[in-house]
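Summary of structural features
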Amino acid sequence: MVLVGTRDSNIKNGIILNEKCPKCNEENTLHFSIYRRYTHLTLVPLFPVGKTVFINCNHCDENFDYEDLSESIQLKLRNKKLDATPWMFLGSIILAGFIIFSISNYFEEKDETGILIKNPIEGDVYNLKFSNGYYSNMRIDKVTRDSVYTTHNDFDAYMPYEVDDLDKSENFSNQKVHYSRKDLLKLYQEDEIIKISRK
Ligand SMILES: [Zn+2]
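Residues numbered from 1 in each chain as written. Predicted model: local features only at pLDDT ≥ 70, side-chain atom pairs only at ≥ 80, totals over all residues.

**Overview of the overall build of the protein chain**
- In terms of regular secondary structure, the protein chain is built from three helices and nine strands.
- Moving toward the C terminus, one meets the helices and strands of the protein chain in the order β-β-β-β-α-α-β-β-β-β-α-β.
- Here the protein chain has a C-alpha radius of gyration of 31 Å; the compact-globule value for 199 residues is 16 Å, and the former is much larger.
- Dimensions along the principal axes, computed over C-alpha positions, put the protein chain at roughly 95 × 25 × 25 Å.
- The buried share of the protein chain, reckoned over its 199 residues, is 16%.
- Counting only contacts in the protein chain whose residues sit at least 6 apart along the sequence, the fraction spanning at least 24 positions is 54%. (Helix = DSSP H or I, 4+ residues; strand = E, 2+ residues; numbered from the N terminus. Rg over C-alpha atoms; globule rule 2.2 N^0.38 Å. Buried ≥ 20, exposed ≤ 12 C-beta atoms within 10 Å, placed from the backbone. Contact = placed C-beta atoms within 7 Å.)

Listed below in structure tokens is the structure:
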């Protein structure tokens with residue numbers, strides 16, 4: 001299950017020096033806690049989205065909102081040096097890496113398929129995308145000068161990445177289909193042949 005949400009991480013705590021509590025007027029009693037909020041995907045942080053601050057007087061125990069504090073206290077809070085929290089981008093970095101990997105993988109595969117389609121050989125397995133939205137594959141049994149003889153897989157898959165799992169010899173039984181080389185090329189051009197595996 002993928003969970004998206006936000007969490008707060010406490011990044012700094014301390015006392016606001018040389019300032020008086022707006023309620024009890026004691027000095028050096030205002031305690032602050034700064035939290036950085038970040039979004040996460042199943043608890044893997046994606047990126048920070050903001051900050052919150054809690055202020056509490058440890059003399060009269062009153063809590064204050066940032067907006068209710070004097071200009072000078074607000075300024076002191078804003079000037080607090082906060083440590084960088086690069087780990088809050090961890091998920092984004094992983095996601096970006098994954099996307100780049102998938103894209104380059106996709107183009108490499110496409111490139112290879114474009115080469116293999118021109119020269120089918122016995123044993124090649126072609127992953128297919130049907131017009132009804134299902135995926136399957138077929139195995140090349142025999143190649144002649146202008147024809148390609150294949151056996152289609154007995155099973156279909158819902159997702160393109162499941163097709164490779166269907167590639168088991170017992171799944172290729174009796175659906176014999178033969179194509180002209182030209183038709184095969186046409187299927188590739190129409191994106192119905194999405195991947196070719198050669199052993
Ligand atoms: Zn106070």
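Here the narrative resumes, following the displayed structure.
**Observations regarding the sheet that holds strand β5 (residues 125–129)**
- Taken together, five strands build an open sheet; the order of strands is β8-β7-β6-β5-β9 and the sheet is antiparallel. Of all the strands in the sheet, just β8 (175–180) and β9 (193–197) have a single pairing partner and so form its edges. Strand-to-strand twist in this sheet, taken as the mean axis angle between neighbours without regard to direction, amounts to 30 degrees.
- In terms of strand pairing, β5 meets β9 through four bridges, oriented antiparallel. (Pairing = 2+ DSSP bridges. Axes fitted to C-alpha atoms, helices over the stretch in contact; angles between N-to-C directions.)

**Digging into the nonpolar core**
- In terms of nonpolar packing, the biggest core is built from nine residues, these being I16, C21, L30, F32, I55, C57, L69, I73 and L77.
- For this core, the elements supplying multiple residues, two or more each, are β2 (30–41), β3 (44–57) and α1 (71–78).
- Apart from the residues lying within four places of it in its own chain, the contact partners of I73 are I16 and E19. (Core = buried A, V, L, I, M, F, W, Y, C linked by C-beta atoms within 7 Å.)

**Topic: the environment of F107**
- Assignment of secondary structure puts F107 in helix α2 (residues 90–116).
- F107 sits 59 residues away from L166 along the chain, and the two C-alpha atoms are 23 Å apart.

**Describing the domain arrangement of the protein chain**
- Partitioning the protein chain into structural domains gives domain 1 (4–94) and domain 2 (118–197).
- Centre-to-centre, using C-alpha coordinates, domain 1 lies 60 Å away from domain 2. (Domains from an automatic or database assignment.)

**Re the pairing of β5**
- The pairing of β5 with strand β6 (residues 135–143) spans five bridges and is antiparallel. Each residue of the ladder has a partner; that of V125, found in β6, is R139.

**Some points on unusual backbone geometry**
- In this structure, N28 is a non-glycine residue whose phi angle is positive, near 55 degrees.
- With respect to the secondary-structure elements, N28 resides in the loop between β1 (4–15) and β2.
- Overall, the presence of 14 C-beta atoms within 10 Å leaves N28 in the partly exposed class.
- The phi angle at D191 is positive, at roughly 65 degrees, despite the residue not being glycine.
- Mapped onto the secondary structure, D191 falls in the loop between α3 (181–189) and β9.

**Focus: the sheet that holds β3**
- Here four strands make up an open sheet; going across it, the order is β1-β2-β3-β4 and the pairing antiparallel. Two strands lie at the open edges of the sheet, namely β1 and β4 (63–64), each paired on one side alone.
- Pairing analysis gives eleven bridges linking β1 to β2, with the strands arranged antiparallel. Bridging across to β2, K12 finds its partner in I34.
- Along the sheet face, α2 touches β2 and β3 and points at about 170 degrees away from the line of β3.

**Some details on the environment of L95**
- Structurally, L95 can be placed in helix α2.
- Classification of L95 as partly exposed rests on a count of 14 C-beta atoms within 10 Å.
- Residues L95 and Y135 lie 40 residues apart in sequence; the distance between their C-alpha atoms is 26 Å.

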